[in-house]
Amino acid sequence: DQQVKQNSPSLSVQEGRISILNCDYTNSMFDYFLWYKKYPAEGPTFLISISSIKDKNEDGRFTVFLNKSAKHLSLHIVPSQPGDSAVYFCAASAKYGGATNKLIFGTGTLLAVQP
Amino acid sequence: NAGVTQTPKFRILKIGQSMTLQCAQDMNHNYMYWYRQDPGMGLKLIYYSVGAGITDKGEVPNGYNVSRSTTEDFPLRLELAAPSQTSVYFCASRGGQEIFYGYTFGSGTRLTVV
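These numbers come from a predicted model, not from an experiment.

Peer 1: Can you lay out the state of the cysteines for me, pointing to particular residues and giving the numbers?
Peer 2: Residue and element names in this part refer to chain B. For the structure shown, the criterion picks out two disulfides over all chains. One disulfide in the model links Cys 23 with Cys 91; its S-S distance is 1.9 Å. An S-S torsion of about -70° defines the bridge between Cys 23 and Cys 91 as left-handed. With Cys 23 in strand 3 (residues 19-25) and Cys 91 in strand 9 (residues 87-94), this pair connects stretches of sequence that are 68 residues apart.

See the structure below:
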């Protein structure tokens, strides 16, 4: 049961343009949503997050939008740079075992920013 | 500040062998996690710990064991390795702050079972 889905395995964008990465979820009880960036042979790096009570969070070139009615979130990168080329994971936070949050990850989207 | 350190980075095991994947963090974080990532898949939670002496199962615990004798260390033990355990393993940690600030991940251990 895939509770967090990233339906686009890959995305190619020109340098300077906007990159939009999408994520859908099924569980309305998720309380936080996070985006991670991963380069080859490295661990995921936290990028940006949003609380389920917000609909937008912005940090520099990165903005995350949350549409709770559609159970959909997206990450916008403006302007895109070649160094943004990486795999991007969407993750959602849920209470687990009643005591702590756990992150449920999507399958990732490989972003390639072309110079 | 090293963050989360995982050793080894690579390992090849034969079927039936055992090994321990090491994970250490120097941030005094209470919460620690073990994930595995299979090709084309997201990260799946194996085990987690909310503090020294306290561990619990995640989504895919079969074939693994953990211990948490100190705040810093959270080793993952594989007993009787099987080809299905070929994967990349990531250890992560977070402090008592809200999940809003995310986890800190190690760089991973790539394990192949042949």
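Peer 1: Please provide a residue-by-residue account of the pattern of salt bridges, values included.
Peer 2: Scanning all chains against the criterion turns up four salt bridges over all chains. Notably, a salt bridge pairs Glu 59 of chain B with Lys 102 of chain A, separated by 4.0 Å at the nearest N-O pair. One end of the pair, Glu 59 of chain B, is in the loop between strand 6 (54-57) and strand 7 (64-66); the other, Lys 102 of chain A, is in strand 10 (residues 100-105), on a second chain. For Lys 102 of chain A, a relative accessible area of 8% gives the class buried. A salt bridge links Arg 77 of chain B to Glu 79 of chain B; the nearest nitrogen and oxygen atoms lie 3.1 Å apart.

Peer 1: Residue-level account of the sheet that holds strand 8 (residues 76-78) of chain B, with values.
Peer 2: Residues and elements named next belong to chain B. Reading across the sheet, the four strands line up as 1-3-8-7 and stay open at both edges, with antiparallel pairing between neighbours. With partners counted over all chains shown, the strands left at the sheet margins are strand 1 (4-7) and strand 7, one partner each. Neighbour to neighbour, the strand axes of the sheet diverge by 20° on average, direction disregarded. Pairing analysis gives three bridges linking strand 3 to strand 8, with the strands arranged antiparallel. In the strand pairing of strand 8, Met 19 is matched with Leu 78.

Peer 1: So what about the interface of chain B and chain A? Which residues, and what values?
Peer 2: Contacts between the two partners involve 26 residues from chain B and, on the opposite side, 25 residues from chain A. Summed over both sides, the interface between chain B and chain A buries roughly 1,900 Å², with carbon and sulfur atoms accounting for 60% of that surface. Joining chain B to chain A, the criterion identifies one salt bridge. Those elements that place two or more of their residues in the side of chain B that touches chain A are strand 4 (31-37), strand 5 (43-51) and strand 9 of chain B. Ranked by residue count, the leading element in the side of chain B that touches chain A is strand 5 of chain B, at five residues.

Conventions we followed
- Residues numbered from 1 in each chain as written.
- Chains lettered and ligands numbered in written order.
- Predicted model: local features only at pLDDT ≥ 70, side-chain atom pairs only at ≥ 80, totals over all residues.
- Heavy atoms only, no water.
- Disulfide = S-S within 2.5 Å.
- Helix = DSSP H or I, 4+ residues; strand = E, 2+ residues; numbered from the N terminus.
- Salt bridge = Lys/Arg side-chain N within 4 Å of Asp/Glu carboxyl O.
- Buried < 20%, exposed > 50% of the residue type's maximum accessible area, 1.4 Å probe, protein only.
- Pairing = 2+ DSSP bridges.
- Axes fitted to C-alpha atoms, helices over the stretch in contact; angles between N-to-C directions.
- Contact = heavy atoms within 4.5 Å.
- Buried area = accessible area lost by both parts, 1.4 Å probe.

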